[in-house]
Amino acid sequence: MRRPSAALILIISFLMARPILAGPVEDSRKAYRGGDYKTAYQLIKPQAEKGDAVAQFFLGYLYDEGKGVPRITTRR
């Protein structure tokens, strides 16, 4: 009986935390999903410069794919 209640509490915690996660990074992801890559870049770059690891990863992904920015070609 303890395991289902612990799982329920975990699920509720994730659902409640979702609005807290909204912000420039989430807005950037929405822009990306909508095909607006330049807006995604403009929203994510300041966050990446502030040291946000998720934003840095996403910014790197934008550069790797050449979405909204010139593609960096370092692959061999």
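Note: the structure precedes this text.
Summarised in this report is the structure supplied together with it. Here the residue numbering is sequential within each chain, running from 1 through the sequence in written order. Residue-level local features of this predicted model are given only where pLDDT is at least 70; pairs of side-chain atoms are given and counted only at 80 or more, and the full residue set underlies all totals for whole chains, interfaces and linings. Processing note: side-chain calculations cover all non-hydrogen atoms of the structure and skip hydrogens and water entirely.

## A look at the overall build of the protein
Point 1. Secondary structure elements are defined from DSSP: runs of H or I of at least 4 residues count as helices, runs of E of at least 2 residues count as strands, and each element is numbered from the N terminus. Helices and strands together make up the secondary structure of the protein, namely four helices and zero strands.
Point 2. Think of it in three bands: residues with accessible area under 20% of the maximum for their type are buried, residues over 50% are exposed, and the middle band is partly exposed, with areas taken using a 1.4 Å probe on protein chains only. Per-residue burial over the protein gives 21% buried out of 76 residues.
Point 3. By definition, residues are in contact when any of their heavy atoms lie within 4.5 Å. Look at the contacts in the protein between residues 6 or more apart in sequence, and 29% of them connect residues 24 or more apart.
Point 4. Here the Shrake-Rupley method, with its probe set to 1.4 Å, supplies the accessible areas, and only the displayed protein chains count as covering residues. Carbon and sulfur atoms make up 61% of the accessible area of the protein, which totals about 6,100 Å².

## Thoughts on the environment of proline 24
Point 1. Here proline 24 is to be found in helix H2 (residues 24-33).
Point 2. With 22 residues separating them in the primary sequence, proline 24 and proline 46 have C-alpha atoms 9.0 Å apart.
Point 3. Beyond its immediate stretch of four places on either side in the chain, proline 24 contacts Leu43 and Gln47.

## Side note on the pattern of salt bridges
Point 1. Each salt bridge in this description consists of a side-chain nitrogen of Lys or Arg and a carboxyl oxygen of Asp or Glu lying within 4 Å of one another. Throughout the structure, instances matching the rule amount to two salt bridges.
Point 2. Note that glutamate 26 is salt-bridged to arginine 33, the shortest N-O span being 3.5 Å.
Point 3. Taking relative accessible area as the criterion, glutamate 26 reaches 9% and is therefore assigned buried.
Point 4. Across the salt bridge formed by lysine 45 and glutamate 49, the nearest N and O atoms sit 2.9 Å from each other. With a gap of four residues between them, lysine 45 and glutamate 49 both fall in helix H3 (residues 37-49), about one helical turn apart.

## Brief notes about the nonpolar core
Point 1. Counting residues in each nonpolar core, the largest one holds twelve residues, listed as Val25, Ala31, Tyr32, Ala40, Tyr41, Ile44, Ala48, Ala55, Phe58, Leu59, Leu62 and Val69.
Point 2. For this core, the elements supplying multiple residues, two or more each, are H2, H3 and helix H4 (53-65).
Point 3. In this structure leucine 62 touches Tyr32, Ala40, Tyr41, Ile44, Lys67 and Val69, once residues within four positions along its chain are discounted. In these notes, a set of buried Ala, Val, Leu, Ile, Met, Phe, Trp, Tyr and Cys residues joined through side-chain atoms within 4.5 Å is what counts as a nonpolar core.

## Points about H3
Point 1. By definition here, a helix of n residues has an expected span of 1.5 Å times n minus one. Relative to the 18 Å expected for 13 residues at 1.5 Å per residue, H3 spans 18 Å between its end C-alpha atoms, a close match to the ideal helical length.
Point 2. Those residues of H3 that are buried are in contact with H2 and H4.
Point 3. Just downstream of H3, glycine 51 is the residue with a positive phi angle, here 100°.

## Details of the packing of aromatic side chains
Point 1. Here is the rule: rings of Phe, Tyr and Trp (six-membered ring for Trp) pair when centre to centre is within 6.5 Å. Planes less than 30 degrees apart are stacked, more than 60 are edge-to-face, and the remainder are tilted. Inspection of every chain in the model, using the stated rule, returns four aromatic pairs.
Point 2. Taking 5.6 Å as the distance between ring centres and 80° as the angle between the ring planes, the aromatic pair formed by tyrosine 32 and phenylalanine 58 counts as edge-to-face. Linking tyrosine 32 in helix H2 with phenylalanine 58 in helix H4, this pair joins segments that are 26 residues apart in sequence. Here tyrosine 32 and phenylalanine 58 have matching classes, each one buried.
Point 3. With a centroid separation of 6.0 Å and 85° between ring planes, the pair formed by tyrosine 41 and tyrosine 63 is classed as edge-to-face. Of this pair, tyrosine 41 sits in helix H3 while tyrosine 63 sits in helix H4, placing them 22 residues apart in sequence.
Point 4. Following the ring pairs from residue to residue traces out a cluster consisting of Tyr32, Tyr37, Phe58 and Tyr61.

Read these as spatial facts, not as claims about activity.
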